[in-house]
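What the coordinates show
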Amino acid sequence: MKSKILVTGGLGFIGSHTVVALLQQGYEVVIIDNLSNSSIDVLGGITKITQKSPEFEKLDLRNKEQVKEFFEKYPDIQGVIHFAASKAVGESVENPLLYYENNLSTLIYLLKELSRKNSANFIFSSSCTVYGQADKLPITEDAPVKEAMSPYGNTKQIGEEIIRDTCKVHPHFKAISLRYFNPIGAHPSAEIGELPIGTPQNLVPFITQTAIGKREQLSVYGNDYPTQDGTCIRDYIHVMDLARAHVVALERLMENKARENYDVFNLGTGKGSSVLEVINTFEKVSGQQLPYKIVDRREGDITAAYADTQKANDILGWKSQESLEEALRSAWTWENRVKEKDAIQ
Ligand SMILES: NC(=O)c1ccc[n+]([C@@H]2O[C@H](COP(=O)([O-])OP(=O)(O)OC[C@H]3O[C@@H](n4cnc5c(N)ncnc54)[C@H](O)[C@@H]3O)[C@@H](O)[C@H]2O)c1
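Anyway, here's the lowdown on the structure attached to this text. Since the structure is predicted, the reported quantities are computational estimates derived from the model, not experimental observations.

Turning our attention to the nonpolar core. One recurring pattern in soluble globular proteins is that nonpolar side chains are buried together. The biggest cluster of nonpolar side chains holds 38 residues, and the ones touching the most others in it are Leu22, Ile46, Ile123 and Leu178. Contributing elements (two or more residues each) for this core: strand S1 (4–8), helix H1 (13–24), strand S2 (28–33), helix H2 (41–50), strand S6 (173–180), helix H8 (239–254), strand S11 (262–267) and helix H10 (310–316). Of the residues forming this core, the biggest block, eight residues, is contributed by H8. One finds Leu59, Ile77, Leu111 and Val264 within the second-largest nonpolar core, a separate group that totals 25 residues.

Take Gly12: it is sitting in the loop between S1 and H1. Judged by relative accessible area, which is 16%, Gly12 ranks as buried. Taking the C-alpha atoms as reference points, Gly12 and Leu35, separated by 23 residues in sequence, lie 8.3 Å from one another.

This paragraph deals with the packing of aromatic side chains. Taken as a whole and assessed by the stated rule, the structure comprises five aromatic pairs. Their ring planes at 35° and their centres at 4.7 Å tell us that Phe70 and Tyr74 sit as a pair that is tilted. Note on accessibility: Phe70 and Tyr74 belong to one class, buried. Pairwise contacts between aromatic rings join Phe70, Phe71 and Tyr74 into one cluster. Against the face of Tyr225 rests Arg297, its NZ or CZ located 3.9 Å from the ring centre. Sitting over the face of the ring of Phe265, Lys311 holds its NZ or CZ atom 4.9 Å from the ring centroid.

What follows covers the site of the ligand. Among the 29 residues in the neighbourhood of the ligand, the closest are listed as Asp33, Asn37, Lys87, Asn102 and Tyr152. For the ligand, an oxygen atom lies 2.8 Å from a polar atom in the backbone of Phe83. At 2.9 Å, a side-chain N or O of Lys156 approaches an oxygen atom of the ligand. A total of 830 Å² of accessible area belongs to the ligand in isolation, and the protein chains cover 96% of it. Counting only elements with at least two residues in the shell around the ligand, the list comes to H1, helix H5 (96–115), strand S5 (120–127) and helix H6 (151–169). Take the shell around the ligand: its biggest share by element is three residues, from S5. By residue class, the composition of the shell around the ligand is twelve nonpolar, twelve polar and five charged.

Buried residues of helix H3 (residues 64–73): Val67, Phe70 and Phe71, and no others. For H3, the buried positions fall inside an angular range of 90° around the axis, keeping them on one side. Counted as exposed and oriented over 90 degrees from the buried face of H3: Glu72 and Lys73. Tucked into the core, H3 has its buried residues touching S1, S2, strand S3 (55–58), strand S4 (77–82) and H5.

Another aspect to go through is the environment of Asn102. Relative to the helices and strands, Asn102 is located in helix H5. Residues Asn102 and Ala84, 18 residues apart in the sequence, show an inter-C-alpha distance of 8.5 Å. In this structure, Asn102 is in contact with Arg62, Ala85 and Ser86, ignoring residues within four places of it in sequence.

Remark on secondary structure: sheet strands pair via backbone hydrogen bonds, oriented parallel or antiparallel. One open sheet holds the seven strands; their spatial order is S3-S2-S1-S4-S5-S6-S11, and the pairing between them is parallel. Strands at the two margins of the open sheet, each flanked by one partner only, are S3 and S11. Averaged over neighbouring strand pairs, the angle between their axes works out to 20° when direction is ignored. Relative to S11, S6 runs parallel, the two being bridged by six bridges. Bridging from a neighbouring strand, Tyr180 pairs with Leu267 of S11. Each of S5, S6 and S11 touches H6; the most contacted strand, S5, lies at about 155° to it.

With that settled, consider the packing of H1 against H8. Contact geometry of H1 with H8 gives a least axis separation of 8 Å together with a crossing angle of 60°. Considering their axes alone, H1 and H8 lie oblique with respect to each other. Along this stretch, H1 crosses H8, giving a crossing that reads as right-handed. Residue-level contacts link Phe13, Ile14, His17, Thr18, Ala21 and Leu22 of H1 to Val239, Met240, Leu242, Ala243, His246, Val247 and Leu250 of H8.

How each quantity is defined
Residues numbered from 1 in each chain as written. Predicted model: local features only at pLDDT ≥ 70, side-chain atom pairs only at ≥ 80, totals over all residues. Heavy atoms only, no water. Core = buried A, V, L, I, M, F, W, Y, C linked by side-chain atoms within 4.5 Å. Buried < 20%, exposed > 50% of the residue type's maximum accessible area, 1.4 Å probe, protein only. Helix = DSSP H or I, 4+ residues; strand = E, 2+ residues; numbered from the N terminus. Phe/Tyr/Trp six-rings, centres within 6.5 Å; stacked < 30°, edge-to-face > 60°. Lys NZ or Arg CZ within 6 Å of the ring centre and 35° of its normal. Near = heavy atom within 4 Å. Polar contact = N/O pair within 3.5 Å; in protein donor to acceptor, adjacent residues only side chain to side chain. Areas by Shrake-Rupley, 256 points an atom, 1.4 Å probe, with all protein chains shown as cover. Nonpolar A, V, L, I, M, F, W, Y, C, P; charged D, E, K, R; others polar. Arc of directions from axis to C-beta. Contact = heavy atoms within 4.5 Å. Pairing = 2+ DSSP bridges. Axes fitted to C-alpha atoms, helices over the stretch in contact; angles between N-to-C directions. Parallel < 35°, antiparallel > 145°, perpendicular 65-115°, else oblique. Left-handed = near helix turned anticlockwise from the far one by under 90°.

Everything listed is a geometric property; what it means functionally is a separate question.
Pasting the structure below:
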């Protein structure tokens, strides 16, 4: 039996796909989630795919005492992947304290418990948002961290700093921050996928919800950016590729392969796609005509961001494998599955 891994936020979008990847590699998994942005049904989806049942603790990581009790109950946790956080940029502007509390106190309580152990391996969900509008594309990990454009983005920057400082004084504490570009898609079985609560903030769930008829029209925020077709460019990465990267990163720490006890890696495909390219590709793979209109730019949107993935390729030995077509196809299959499930309920 391989090691026991704690996945916080393991019923969320990226967490659930990573739990599947871990279980399929033979790891034991314990999930912590407070269900603030996920459903308990996801557990059934994970079990259906893997034929395994991860342990689940419904716990709010803001509760310091309960976090302590959790580690007393599970003293044999060998690695932690920390996804749990609030992630809506707009909401973070309206309610910054909620974001600072949920994204930073949870991190601090986990690190406090882990830094007491003889050894700890920690993976943190960071984001390409730390780069803001980078001066050079593609973006390398050496690109300067720019002033955050939202409290959400700031929690990722501060989170990384908290981990880096913890690693400095606890040499037995090993950590990696993974800076995701734009995760999309779903497990090919369509048993799990992205379940945005309320109006989606991200392009792909907005596209699939519009195509299925939940939303009237897609708004494209600006077509006057200095890009080939005037719309913003992002690096869309399949969530299955992302899930695999977490397993590889954790193994690097657990197998003592890392030279430094703290490191950061970009996780992207290295390829930028414009909003119109994503729409056209979606129309091609789904056979759906997507109603959309061009509206004004949205405040805080940067022009273009895509990853230089050399470091992850060379050091982690990880490379994205799935195409934009495949990612959009899986997102569309998932949206249809959600509709079927909604119709039954
Ligand atoms: N999805 C993206 O586009 C994206 C991009 C970059 C970084 N990230 C980061 O990746 C991580 C996972 O993102 P996701 O898209 O899977 O989000 P998600 O909302 O689907 O998953 C987060 C999970 O954490 C849980 N959670 C939140 N606060 C909690 C708390 N206090 N205690 C216990 N559980 C709690 C939620 O219920 C949810 O299941 C987040 O840290 C997010 O900031 C996401």
